[in-house]
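Each chain, letter by letter, is given below.
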Amino acid sequence: MKEYIKDQIKKSYETKKAIYENDELLGKIEQVAKLCVELYRCKNKTILAGNGGSAADAQHIAAELVGRYGFDRPSLPSLSLTTDTSNLTAIGNDYGYDKVFSRQLEGMGQDGDIFIGISTSGNSLNIINAFKVAKEKNIKTVALVGRDGGEMAKLADVAIIIPSDATPRIQESHILIGHILCDIIEKEIFGEGVAK
Ligand SMILES: O=C(CO)[C@@H](O)[C@H](O)[C@H](O)[C@H](O)COP(=O)(O)O
Ligand SMILES: [Zn+2]
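The shown structure was predicted, so the numbers you read here are calculated from the model rather than taken from an experiment. (Residues numbered from 1 in each chain as written. Chains lettered and ligands numbered in written order. Predicted model: local features only at pLDDT ≥ 70, side-chain atom pairs only at ≥ 80, totals over all residues.)

(A) Molecular detail of the site of ligand 1. Around ligand 1, the structure places Asn51, Gly52, Gly53, Ser54, Ser119, Thr120, Ser121, Ser124, Thr167, Pro168 and Gln171. Put simply, the parts of the chain that give the shell around ligand 1 at least two residues each are α3 (53-66) and α8 (167-190). Broken down by element, the shell around ligand 1 gets its largest block of residues, three residues, from α8. Residue classes in the shell around ligand 1 are distributed as one nonpolar, 10 polar and no charged. (Near = placed C-beta within 6 Å. Helix = DSSP H or I, 4+ residues; strand = E, 2+ residues; numbered from the N terminus. Nonpolar A, V, L, I, M, F, W, Y, C, P; charged D, E, K, R; others polar.)

(B) Expanded view of the sheet that holds strand β5 (residues 158-161). If you walk across this open sheet you meet the five strands as β2-β1-β3-β4-β5, and the pairing is parallel. Each edge of the open sheet is held by one strand with a lone partner, namely β2 (78-80) and β5. Sheet twist, expressed as the mean angle between neighbouring strand axes with direction ignored, is 15°. In terms of strand pairing, strand β3 (residues 114-118) meets strand β4 (residues 140-145) through five bridges, oriented parallel. Bridged to Gly117 within β4 is Ala143. Lying over the sheet, helix α2 (residues 23-41) contacts β1 (46-50), β3, β4 and β5, oriented at roughly 135° with respect to β5. (Pairing = 2+ DSSP bridges. Axes fitted to C-alpha atoms, helices over the stretch in contact; angles between N-to-C directions. Contact = placed C-beta atoms within 7 Å.)

(C) Looking closely at the packing of helix α1 (residues 2-20) against α8. Interhelical geometry of α1 versus α8 gives an angle of 55° and a closest axis separation of 9 Å. With respect to each other, α1 and α8 are oriented oblique. Of the two possible hands of crossing, α1 and α8 adopt the one that is right-handed. For the pair α1 and α8, the contacting residues are Lys11, Ser12, Thr15, Lys16 and Ile19 in the first and Arg169, Glu172, Ser173 and Leu176 in the second. Looking at side-chain class alone, the contact of α1 with α8 contains two nonpolar, three polar and four charged residues. (Parallel < 35°, antiparallel > 145°, perpendicular 65-115°, else oblique. Left-handed = near helix turned anticlockwise from the far one by under 90°.)

(D) Unusual backbone geometry, seen in detail. In this structure, Lys43 takes a positive phi of about 65° despite not being glycine. Following the sequence through the fold, Lys43 ends up in the loop between α2 and β1. The class of Lys43 is exposed, set by 8 C-beta atoms lying within 10 Å. For Arg147, which is not a glycine, the phi torsion comes out positive at approximately 50°. Within the fold, Arg147 resides in the loop between β4 and α7 (150-155). Overall, Arg147 belongs to the partly exposed group, with 19 C-beta atoms counted inside 10 Å. (Buried ≥ 20, exposed ≤ 12 C-beta atoms within 10 Å, placed from the backbone.)

Shown next as structure tokens:
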């Protein structure tokens, strides 16, 4: 069994190595980091959403920003649309599950915010609908996706597509990128910044 475990770990770091060696993809991560730093300088907020494991990633990243990532500093506004069970159940019940994120974004998103949709397939309809609402409200969209990027990659202002077809490997890379973004944002806004 140890060999199997080692093989799983190898697959995980090989996916990360593929990102490490992909300059275009690194440029997209840099672009999103700069957009986030800029929006926090303008007192706007990040909004995130995802389903299943990606819902956990969305709220994990929001919590790093509102709480803290690496050091004590003022709170940064960030909202995960996955956490309010009253909203999720009411909107899901009254309008359908496909609207659970778009309806919340309609109410809480503002011009200048960024919406980060997290999905391994890039085809979750509730996030696609939120991207459409974001466009109407002048909210920039980031697709954190995998596989071929799906519909989300086509709609997003910036698409970060993990070069893998394996759901767990894609998710592991998503949270790595989430952590990198939180690290850069925190250091740029409150610390000494990061190397250019
Ligand atoms: O975490 C996992 C699988 O690793 C699951 O909970 C997974 O996130 C769910 O099946 C999601 O509904 C998949 O949606 P998506 O990534 O295609 O948007
Ligand atoms: Zn998972």
